[in-house]
Amino acid sequence: MDASIRSICTQVRRDIINMTADAGCGHPGGSLSIVEALVALYFEKMNIDPKNPKMENRDRFVLSKGHAAPALYAVLGERGFFSTEEFKRFRQLGSILQGHPDMKRCPGIDASTGSLGQGISIATGMALGAKKAKKDLQVYTMIGDGESQEGMVWEACMAAAHYKLDNLTILFDHNGLQIDGSNDEVMSLGDMAAKFTAFGLDVVEVPVGNDYDQVLAALQKPHTPGKPKLIHLHTVKGKGVSYMENNVDWHGKAPNEEQRQQALKELEAQ
Amino acid sequence: MEKKATRVAYGEYVAKLGDTNEKLVVLDADLAGATMTKYFKKAHPDRFIDCGIAEANMVDMAAGMSTMGFIPFCSTFAVFAGRAYDQIRNTVCYPKMNVKLAFTHAGITLGEDGGSHQALEDIALMRALPNMTVFVPCDAKETERCVDAAIAINGPVYIRLARLPSPVFEMDMPFIPGKVNVLREGTDEVLLCCGVMVSECMAAAELLAAQGKNVCVVNAHTLKPFDEEGVRELAKKHKHIYSVEEHNVVGGLGDAAAAALVNMDGVELTKLGMQDVFGESGKPADLLRKYKLDAQGIADTVMGK
């Protein structure tokens, strides 16, 4: 990872902290865990044009775990889809930055999400539609671990494998925590890599899901022909802010002013 | 009079349109032989997507396909509108996606499969969603007009279709989305109806005419946007309106009419339909008779019997 990418990741983390602190609500934990993945997608991997967000044959990204919107907004803003001044209005009346991603209001959002399990199905339909329309583009979606308790995630995986969608990449943010506790406390997920493999996906392991180079390498790995790819990101919830890391309390809570300053100070040192 | 189920008309017509409209794709959830999307599947196998028995995923995949320029028609049984409701709400209606839902086997005329499969709430569910248009065609010809209108609309559309073969009206019926259609002029009560109830109401009008009643029959094929003004116009000329639907009287045609009439004096509305009960197994004709939704039952109710 070069220095500029490192500074982008840090800036995105600062944006997430500031956005949620300014709004007084939002989901910092699961936003911080996917920063490297979103930066790798929007700054290196995806064929997109921030000045032409509806470019016809652009690659698509669907944030299936829509509550991690602050991460996506931060990346889109830093990438130039809209002014970073918008961050201050996150979750405010009339803002393009709704509590959950809204494709009708915010440039660069390819699908409205928030109800868990749906984004991966939308992405599956996009990938199938792209193939049927003979469009040469890639579709990416990010799902959460708690989200994978939704049966719909598995309906989508089954369909993606059935229709041999080798233009679809599912990123699986496995940070081990959800609102009410750890995955194991709430509803054990078991061997997710084995489950996704059994559903016909080509699973690529990323042992350190917050290591930019590892994430990018997994994204650059070509699809096995005829198979959708699933990138298993072993991440840390709240990554980059000591008191948030691996702490379930920070799933859906905003930092207060003192906590904001501490987080920003820690990020400054990184 | 020729009889044809609206689901058959839908299946045949969307397959025919697929010959010239390459944007059409059809998704089904393992019911192509029942929803009649089998015709499209045969004619355009490359644009037919079987989603397996996974209705929720079907609806969201359709939304995804619509972003690639396709006009997807999703079909399954109307009773599964509830099963995929979160998807219809959040992924089709909230972002106003160009997805069409042509759901079949609605109402008690589904018959023998029984109460678990007879959708009596789908109109209510769909009417409650912003951005949604809701059509309930009365016969095969009107089904084709509804499909045309659905394609012309850039946004979500629900079309409620029936299993039961029903008469195909010989008369020319103008079809203007969002406007009620007077099929039979009359000076006494109004029978305001939709779907397969239209032919029952037309037959009821004949029975009533024989008893000296001259009722007016009005087809309300568009449940949303609902023609409130048209219904108020009817109420200015007729003292008593009967809404007749093969749906729960909660949230359907009757309630749409009630909302239109709420501030009008001197008009009476009686809601005929399923009186907040589930259906049951039986032959469609027997069910219609039991719930007084056949021509005789409707006529008897109007005569106060």
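Just so you know, these numbers come straight off a predicted model, no measurement behind them.

Bringing the environment of Gly-18 of chain B into the picture now. Residue and element names in this part refer to chain B. Structurally, Gly-18 can be placed in helix α1 (residues 6-20). Given a relative accessible area of 0%, Gly-18 falls into the buried group. A C-alpha to C-alpha distance of 11 Å links Gly-18 and Phe-73, two positions 55 residues apart in sequence. With sequence-adjacent residues up to four places away left out, Gly-18 is seen in contact with Leu-24, Phe-40, His-44 and Arg-47.

Let us now look at the packing of aromatic side chains. All names here are of chain A. Summed over the entire model, instances satisfying the criterion amount to twelve aromatic pairs over all chains. Ring geometry for Tyr-42 versus Phe-61: centroids 5.8 Å apart, planes at 80 degrees, classification edge-to-face. Of this pair, Tyr-42 sits in helix α3 (residues 35-45) while Phe-61 sits in strand β1 (residues 60-63), and the two are 19 residues apart along the sequence. Classification of Phe-61 by relative accessible area gives buried; the value is 2%. Aromatic pair Tyr-243 and Trp-250: ring centres 5.3 Å apart, planes at 65 degrees, arrangement edge-to-face. An aromatic cluster of at least three residues, connected via ring pairs, comprises Trp-154, Phe-172, Phe-196 and Phe-199. Over the ring of Phe-43 we find Arg-79; its NZ or CZ atom is 5.5 Å from the centre of that ring.

Further remarks concern the sheet that holds strand β13 (residues 240-248) of chain B. Residues and elements named next belong to chain B. Taken in spatial order, the five strands make up an open sheet running β9-β11-β10-β13-β14, and their pairing is mixed. Whereas interior strands pair on both sides, the edge strands pair on one side only; in this sheet they are β9 (181-184) and β14 (268-274). In this sheet, adjacent strand axes meet at a mean angle of 25 degrees when their direction is disregarded. Note: strand β10 (residues 190-193) against β13, four bridges, orientation parallel. The residue bridging Cys-193 from the neighbouring strand is Val-244, located in β13. Lying on the sheet, helix α9 (residues 228-237) is in contact with β10, β11 (216-219) and β13; it crosses β13 at an angle near 140 degrees.

Residues and elements named next belong to chain B. Contact pair α9 / helix α10 (residues 253-261): the axes reach a minimum separation of 9 Å and the direction vectors enclose 70 degrees. Taken together, α9 and α10 sit at an angle that is classed as roughly perpendicular. Note on element contacts: α10 touches α9 through Ala-257, Ala-259, Ala-260 and Leu-261, opposite Glu-228, Val-231, Arg-232 and Ala-235. Looking at the contact of α9 with α10 residue by residue, the class counts come to six nonpolar, no polar and two charged.

This brings us to the side chain of Thr-35 of chain B. Residue and element names in this part refer to chain B. With respect to the secondary-structure elements, Thr-35 resides in helix α2 (residues 32-35). Classification of Thr-35 as buried rests on a relative accessible area of 0%. Polar contacts involving the side chain of Thr-35 include one to the side chain of Asp-28, which spans 2.6 Å. If near-sequence neighbours (up to four positions away) are discounted, Thr-35 is found in contact with Arg-7, Tyr-10, Asp-28, Ser-75, Thr-76 and Thr-104.

Turning our eyes to something else, we now look at the interface of chain B and chain A. At the junction of the two partners, chain B supplies 21 residues and chain A supplies 24 residues. Between chain B and chain A lies a buried interface of about 2000 Å² when both sides are counted; carbon and sulfur atoms form 62% of it. When the area that chain B buries against chain A is broken down by residue, the three leading residues are Asn-57, Met-61 and Met-68 of chain B, summing to 30%. Counting across the interface, chain B meets chain A through nine residue pairs in polar contact (both at pLDDT 80 or more). Secondary structure elements with two or more residues in the side of chain B that touches chain A: β3 (48-50), α4 (55-66) and α5 (85-93) of chain B.

Attention now moves to the environment of Thr-141 of chain A. All names here are of chain A. Within the element layout of this structure, Thr-141 appears in strand β2 (residues 139-144). Along the chain, Thr-141 and Leu-230 lie 89 residues apart, while their C-alpha atoms are 9.6 Å from each other. Once residues within four sequence positions are removed from consideration, Thr-141 is found in contact with Phe-61, Val-62, Ser-64, Gly-119, Ile-120, Ala-123, Thr-169, Ile-170 and Leu-171. Only 2.8 Å separates the side chain of Thr-141 from the backbone oxygen of Val-62, close enough to count as a polar contact.

Bringing the pattern of salt bridges into the picture now. Applying the stated rule across the entire model yields 24 salt bridges over all chains. For Asp-110 of chain A, the salt bridge identified is with Arg-58 of chain A, shortest N-O distance 2.9 Å. You can see Asp-110 of chain A sitting in the loop between α4 (69-79) and α5 (118-132) and its partner Arg-58 of chain A sitting in the loop between α3 and β1, a full 52 residues away along the chain. Of the two residues, Asp-110 of chain A and Arg-58 of chain A, neither departs from the other in class, the shared state being buried. A salt bridge links Arg-145 of chain B to Glu-144 of chain B; its shortest N-O distance comes to 3.9 Å. By relative accessible area, Glu-144 of chain B is classed as partly exposed at 25%.

How each quantity is defined
- Residues numbered from 1 in each chain as written.
- Chains lettered and ligands numbered in written order.
- Predicted model: local features only at pLDDT ≥ 70, side-chain atom pairs only at ≥ 80, totals over all residues.
- Heavy atoms only, no water.
- Helix = DSSP H or I, 4+ residues; strand = E, 2+ residues; numbered from the N terminus.
- Buried < 20%, exposed > 50% of the residue type's maximum accessible area, 1.4 Å probe, protein only.
- Contact = heavy atoms within 4.5 Å.
- Phe/Tyr/Trp six-rings, centres within 6.5 Å; stacked < 30°, edge-to-face > 60°.
- Lys NZ or Arg CZ within 6 Å of the ring centre and 35° of its normal.
- Pairing = 2+ DSSP bridges.
- Axes fitted to C-alpha atoms, helices over the stretch in contact; angles between N-to-C directions.
- Parallel < 35°, antiparallel > 145°, perpendicular 65-115°, else oblique.
- Nonpolar A, V, L, I, M, F, W, Y, C, P; charged D, E, K, R; others polar.
- Polar contact = N/O pair within 3.5 Å; in protein donor to acceptor, adjacent residues only side chain to side chain.
- Buried area = accessible area lost by both parts, 1.4 Å probe.
- Salt bridge = Lys/Arg side-chain N within 4 Å of Asp/Glu carboxyl O.

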